[in-house]
Amino acid sequence: MSVSSDWFRARLTPLILAGCCGLGPSAEAQSRALEPKAALVDDKRIDRIDERDPGAWLAYGRGYDEHRFSPLTQINRETVGDLGLVWSRPIEVRHRLQTSPIVVDGVIYYTDSWSVVFAVDADTGETIWTFDPETRRQYARWSCCGGPMNRGVAVYRGRVYTATFDARLVAVDAATGKKVWDVDTADYPSRVPYTISGAPLPASGKIYIGNSGSEWDHRGYLTAYDADTGEKVWRFFTVPGDPSRPFENPELEQAAKTWSGEWWKLGGGGTVWNSITYDTDLHTVYVGVGNGTPWPRRIRSPGGGDNLFLSSVVALHPDTGRMKWYYQTTPGDNWDYTATQDMVLADMVVDGRERKVLMQAPKNGFFYVLDRRDGKLLRASPFGAMNWATHVDMETGRPVENPDVVWEERPQWILPGNTGAHNWEPMAFDAGRGLAYIPTHDTPFFFALPEDYLETGVYTPRRNRMNLGVATGSYRTRLIEAAGERPEPKGFLKAFDPLTGETVWKVRNRTARIGGVLATGGGLVFQGDGSGFLSAYDSDSGEPLWKFQSYGSIIAPPIAYQVGNTQYVAVAVGARIEYFDVGRMLVFALGGNASLDEPPKRDRVIPRQPAMTASEEQLREGDRLYHQLCASCHGYQARGYRNADLRLMSSAVHEAFQKIVREGLLLDLGMDSFAGDLSMQEAELVRQYIISRANIDRAAAGPP
Ligand code: CA
């Protein structure tokens, strides 16, 4: 008898809830229509936010300067003890939530993991409208790291712009929540689909958006679209394409001289997946460019070279997309060191001279201060633990690589690791104090070349898999075991002086996984972490003054805003591994006393496993396939990443395994069909490998 997948899903869902993947609360229903809000935000309003809209949060980093500093003072060092929850709304979460809300004229706009937009009364928490761009769920498999994600919307000239994980840019009427236009930003050939996780930037009549997925063989670019019509105005590619074809612009012809081999076949990388900002004073758009792909330069560009414009800050003319200048943080990137971290613009006196500066703390661990007129390097000071480089040579502007740490020759733990000393979780800048508040992590990564490449000297690209170009599977495990102790991952909040390079204070976070930062005029710094606490610290001393347990994992940045006479602090909270997936927008004010129920806990005990029938050799093949296709979402050695912990699969899920993996039974949750990648026999080897890992971890845990 054959059964339909609907029938199967209905039977399977309760079992999944009981032991496997977890279902988030459904997206909230449409509700009452408040008075329509036109959201007439323009360049001037964003630029002058402090004078004209001190209670607003008008762009991703609040204003174009990206300080993430709210001048509001009602919540301050004296009153913060009285801060409490006033409202919360559920958000569907398929991954930890990253959304950074925007608040305009009393409306807060934020997104879920699938780029669904919520327009909510920022005072009461009542829904005004929701807009679902219908992101194609199968794109979840093209995630870099665990599932779909979205960092928020742009609000501009009466519209709300959301970029989707399936690489569309969608304009929505801010008053009604109805779609105005919808464009495919991935109109460029690629080996696997492009995705978008970042927030669009609105400026100068245009909407700027990049994309994600260097590891998936992409060639990075930034596109400017006409804000009114959605028409493409220009596109800037961050790395050169096939040199036998005409270059898109003269900058790329120059850049191609810094590459060798056949880099374009795997895209080259350089995706603009996070940071884009606008300078109203100098009429310039700044773009943070991602890492190279594959990661090892020896594979990517065998004859060497800096590989421009990887890992660079690039200044572009907003009207033409032509380059003004660039600064490359990591020439010849060899470590997944993106320069896509948020960029802070400020006017400050440097060495006795008033300068317009751009500050960035990219993955590579150096905090850069650049003159944003010409990209001149003014400071480069380490802010995180590192062993890859010793310092930056201020004459050449280049990092000096550590001659004793050459991982291609001796595989080893590298700091910062691929997650960087600082990742996309934004920092804050308090201009009055002259301090940047940086969420940093000392999280190492074990770098080693792939076994087959070492044997043959030839790198064989993997179709429909990430091409990191580093060792995976049991070979990597053996190398790690031989290398000895792994440096302990740690997370910190650091108050950092960009000019002296001094860490004024630091707080060790409860987890290595940490959240973005908000600084306020109340002398406070807010930050969440993976343990679920949102905390407030004294801006001068780092003394902890307040905390709140959200039962979630916080990586999204908190924001502050004011409606009427009340100051609020808001933060999105995503799934934490010991609970069923619950995402929420939480909003706090003085005197707030709403409570949050602890969500139901998952049973984390690994159940008795089905019979293992595979031979040792078959398990090795299952291990290889698992780490090529499954690990980026389901975790190294099947230890559960942010999604389903496959060691906890119930017997019903085991029985449905082929239907889930090869027929897309759980597509709505973002689990694509892998029928084109795995035969039935191969899918079974992956299942056998999962069983073997579950048995090992179950035995190690001892009797329940
Ligand atoms: Ca990367």
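Here, the structure is the one placed above.
This write-up is about the structure you can find in this document.

What counts, and where the lines are drawn
Think of each chain on its own: its residues are numbered from 1, step by step along the sequence as written. Reporting in this predicted model follows two pLDDT cut-offs: at least 70 for local features of residues, and 80 or more for side-chain atom pairs to be given and counted; totals over whole chains, interfaces and linings ignore these cut-offs and use all residues. Hydrogens and waters are ignored; side-chain quantities use all the structure's heavy atoms. Here, two cysteine sulfur atoms that lie within 2.5 Å of each other are counted as a disulfide. Donor atoms are limited to N, O and S found within 2.8 Å of the metal ion, a distance that becomes 3.2 Å for Na, K and Ca. With water left out, some sites might look partial. Secondary structure elements are taken from DSSP: a helix is a run of H or I of four residues or more, a strand is a run of E of two residues or more, and numbering for both begins at the N terminus. Per-residue accessibility, obtained with a 1.4 Å probe over protein chains only, is compared with the maximum for each type, and a residue is labelled buried under 20%, exposed over 50%, and partly exposed between these values. Strands are treated as partners if at least two bridges between them are detected by DSSP. We treat Lys and Arg as the positive residues and Asp and Glu as the negative residues; His and chain ends play no part in the count. Salt bridges are counted wherever a side-chain nitrogen of Lys or Arg sits within 4 Å of a carboxyl oxygen of Asp or Glu. Nitrogen and oxygen atoms within 3.5 Å of one another constitute a polar contact, given that in protein one can donate a hydrogen and the other can accept it, and given that sequence-neighbouring residues count only through two side-chain atoms. Interaxial angles span 0 to 180 degrees and are taken between N-to-C directions of axes, which are lines fitted to C-alpha atoms, for helices over the stretch in contact. Residue contacts are counted whenever heavy atoms from the two residues lie within 4.5 Å of one another. For classification, angles of less than 35 degrees are called roughly parallel, those exceeding 145 degrees roughly antiparallel, those between 65 and 115 degrees roughly perpendicular, and all remaining angles oblique. Lys, Arg, Asp and Glu make up the charged group, whereas Ala, Val, Leu, Ile, Met, Phe, Trp, Tyr, Cys and Pro make up the nonpolar group; the residues left over, Gly among them, are polar.

**A few points about the state of the cysteines**
Okay, so step 1: Considering all chains together, one arrives at one disulfide under this definition.
Okay, so step 2: Bridging Cys144 to Cys145, the disulfide has an S-S length of 1.9 Å.
Okay, so step 3: Of all cysteine sulfurs in the structure, the one in Cys633 sits closest to Cys630, which takes part in no disulfide; the separation is 9.1 Å.
Okay, so step 4: Between Cys633, a cysteine without a disulfide, and Cys145, which holds the nearest cysteine sulfur, the sulfur-to-sulfur distance is 8.7 Å.

**Quick word on the coordination of the calcium ion**
Okay, so step 1: For the calcium ion, the full set of protein donor atoms is Glu215 (OE), Glu215 (OE), Asn291 (OD1) and Asp336 (OD), and the range of their distances to it is 2.3 to 3.1 Å.
Okay, so step 2: When the donors of the calcium ion are listed by position in the chain, the intervening gaps give E-x75-N-x44-D. Of the two residues, Asn291 sits in the loop between strand 16 (284-288) and helix 5 (297-300) while Asp336 sits in the loop between strand 18 (323-328) and strand 19 (343-350), which places them 45 residues apart along the sequence. Each member of the pair, Asn291 as well as Asp336, carries the same accessibility label: buried.

**Here we look at the pairing of strand 19**
Okay, so step 1: Most of strand 19 is tucked away: six of the eight residues are buried.
Okay, so step 2: With eight bridges joining them, strand 19 and strand 20 (residues 353-360) adopt antiparallel strand pairing. Note that in strand 20 the partner of Met348 across the bridge is Arg355.
Okay, so step 3: Counted along the chain from strand 19 to the antiparallel partner strand 20, the turn is two residues long, and its residue Asp351 has a positive phi close to 50 degrees.

**Let's talk about the side chain of Arg137**
Okay, so step 1: Tracing the sequence through the fold places Arg137 in the loop between strand 6 (127-131) and strand 7 (154-156).
Okay, so step 2: Although Arg137 is buried, it forms no salt bridge, and the closest oppositely charged side chain is Glu92 at an N-O distance of 4.6 Å.
Okay, so step 3: At 3.5 Å, the side chain of Arg137 forms a polar contact with the backbone oxygen of Asp668.

**What about the sheet that holds strand 8 (residues 159-163)?**
Okay, so step 1: The four strands lie next to each other as 7-8-9-10, forming an open sheet whose pairing is antiparallel. The open sheet has two edge strands, strand 7 and strand 10 (179-184), and neither has a second partner. Averaged over all pairs of adjacent strands, the angle between their axes in this sheet comes to 20 degrees, without regard to strand direction.
Okay, so step 2: Across five bridges, the pairing between strand 8 and strand 9 (residues 168-173) is antiparallel. Within strand 9, the residue paired with Ala163 across the bridge is Leu169.

**As for helix 7 (residues 473-483)**
Okay, so step 1: Buried within helix 7 are the following residues: Gly473, Tyr475, Arg476, Thr477 and Ile480.
Okay, so step 2: Its buried side turned inward, helix 7 meets strand 25 (412-414), strand 28 (445-447), helix 6 (451-456) and helix 8 (616-629).
Okay, so step 3: Remark: Gly484 follows helix 7 within two positions and exhibits a positive phi of approximately 85 degrees.

**Notes on the packing of helix 8 against helix 12 (residues 680-701)**
Okay, so step 1: Their axes nearest at 8 Å, the elements helix 8 and helix 12 cross at an angle of 95 degrees. One way to sum up the angle between helix 8 and helix 12 is to call them roughly perpendicular. Two secondary-structure elements touch here, helix 8 through Gln618, Leu619, Glu621, Gly622, Asp623, Leu625, Tyr626 and His627 and helix 12 through Glu682, Leu685, Val686, Gln688, Tyr689, Ile690 and Ser692.
Okay, so step 2: Broken down by class, the residue content of the contact of helix 8 with helix 12 amounts to seven nonpolar, five polar and three charged.

**Quick notes on the sheet that holds strand 6**
Sheet strands pair by backbone hydrogen bonding; their relative direction is either parallel or antiparallel.
Okay, so step 1: Ordered in space as 3-4-5-6, the four strands form an open sheet in which the pairing is antiparallel. In this open sheet, the two edge strands, each paired with only one partner strand, are strand 3 (102-104) and strand 6. Along the sheet, successive strands turn relative to each other by an average axial angle of 15 degrees, direction set aside.
Okay, so step 2: Strand direction decides the pairing type here: strand 5 (residues 117-121) and strand 6, joined by four bridges, are antiparallel. The residue of strand 6 that forms the bridge with Val120 is Thr127.

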